[in-house]
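# A look at the structure
Each chain, letter by letter, is given below.
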Amino acid sequence: MNEIPAWAARLRAERLRPDRMWSRARMARELRAAAAGRVAVAHPASLRDQIRGWEKGKHQPSEVYRTLYAVVFEVDEAELFAADQPRASLEDLAGLAELPPVEEVLARVVAATGRRVGTETVTALAERVHALRLADDVLPGGDLVEPAFRQLANAVRLYRDGGHREEVGRALLGLVAEFAQLAGWVAADAGQPGRAASTYQLGIEAAREAGDSALESNLLGALAYLTSNGQKPRGGVELAEAAVAAAGKAAVPLARALAWDRLAWAEAKTGSVASTSRALGNAAAALSEAGPETERSWLYWVSADELQVMEARAYTELHRPLRAIPILAKVLERYDPSHARELALYLSWLAVGLADAHEPEAAATAAHRMLDLSAGLASSRTAERARTVLARLAPYRSTVPEVAELWDQYRVSIADPARTLPPA
């Protein structure tokens, strides 16, 4: 990773501190709120671009913005913009800095036990992969993809190079599968579907060898989702059905709910209303069997709200907006605003649903919020949805002022699918 000035790394590290994890859009809002009309500041879209430049160290903020940063972060301005403090990096995200590098773990193991890996190493890796999951909740794939693949490679090497008992080996294989699922997910979000697919395959093999059918189901479902969103919807259905079968062996309610949910999406991509509805019903039934405690750490995010969002997305895909809109509107009222990527994605389906319901003014409002959230995110998913939303609203450009204004304010680069551009 290229070094950047200490003050620039500090601005990013403060924004992404575990108790904040703010998007650049949120950072822009906080700076504007600190200004409170007392000083002139840039438009939010322009300010987001400036924040990106400052965090890369291209140039320091002006005196006004340095003062606003100090107010927002509640730190001394001179300390915040000092030139001689340690640099930060993506490895500092979500508590990762507190975990020793895998190379250090392996070296300690070799020195102490002659290349034997024990439960302490497994625990350290489990903490690391979960920290990456939490970072993925609030950061786009473009920011996390390389750190995630480094961690996957280290986990694979630790399994291969460190001697271990059979039960520890199974646990390490399971962690390799978990790292593979996460790395595949962020690769897809970073616009690298081929890399994502091959990584999911690695994870499926590791989960099978570990005898973890629930984790195998999760990886099969992730690959099904990727395939369904590509050019092979029937292939996505077949993979999702395999995920359902694997989850059935595990008898873990949340794993079964997730597998049925992904089958519902795969069926929706083929246009099958009956099969989609049946899978959604099975997902809800499985979720109802789950207890108050999460069965596996990687299932922490599976909830009634998330399944409702998938239901709404599926019905939007099937052009059933009257079913989709009420669900999305209800869930979005209480959705965590720090999860900017997911919030932007869900707003995109609401915008499309409203357009399908012939409510272009409301669709433009949802689209504006979606585009505002996703501008500057290094996410292929949000960029693709931005193009979909604007294409769906295009017929209203000449007749609906709100849509015309939206098109005047935002531009989507068709040539570069990773970029959603605000106005110059």
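Attention here is on the structure that accompanies the text. (Residues numbered from 1 in each chain as written. Predicted model: local features only at pLDDT ≥ 70, side-chain atom pairs only at ≥ 80, totals over all residues. Heavy atoms only, no water.)

In this section: empty space enclosed by the protein. Per the stated rule, a full pass over the model turns up 2 cavities of 30 Å³ or more. Put simply, the largest cavity is a space of about 140 Å³. If you trace the largest cavity, you find 18 residues lining it, with Ser23, Arg24, Ala375, Gly376 and Leu377 closest to the centre. Elements that contribute at least two residues to the lining of the largest cavity include exactly helix 2 (24–35) and helix 3 (44–55). Take the lining of the largest cavity: its biggest share by element is 4 residues, from helix 3. Residue composition of the lining of the largest cavity, by class: 10 nonpolar, 2 polar and 6 charged. (1 Å grid on protein atoms, 1.4 Å probe; cavity = no way out; pocket = protein on both sides within 12 Å on 5 of 7 lines; lining within 4 Å. Points joined across faces, edges and corners; volume = space filled by probe spheres on them. Helix = DSSP H or I, 4+ residues; strand = E, 2+ residues; numbered from the N terminus. Nonpolar A, V, L, I, M, F, W, Y, C, P; charged D, E, K, R; others polar.)

Moving on: the environment of Ile204. Checked against the element boundaries, Ile204 lands in helix 10 (residues 193–210). Spatially, the C-alpha atom of Ile204 lies 5.8 Å from that of Leu219, the residues being 15 residues apart in sequence.

Next up on the list: the pattern of salt bridges. Under the criterion given, the structure shown has 19 salt bridges. Measuring nitrogen to oxygen at the nearest pair gives 3.7 Å for the salt bridge that ties Arg12 to Asp143. One end of the pair, Arg12, is in helix 1 (residues 6–15); the other, Asp143, is in helix 8 (residues 141–161), with 131 residues separating them in the sequence. On the accessibility criterion, Arg12 (17% relative accessible area) is buried. The structure contains a network of salt bridges with shared partners spanning Asp136, Asp189, Arg341, Glu342 and Arg381. (Salt bridge = Lys/Arg side-chain N within 4 Å of Asp/Glu carboxyl O. Buried < 20%, exposed > 50% of the residue type's maximum accessible area, 1.4 Å probe, protein only.)

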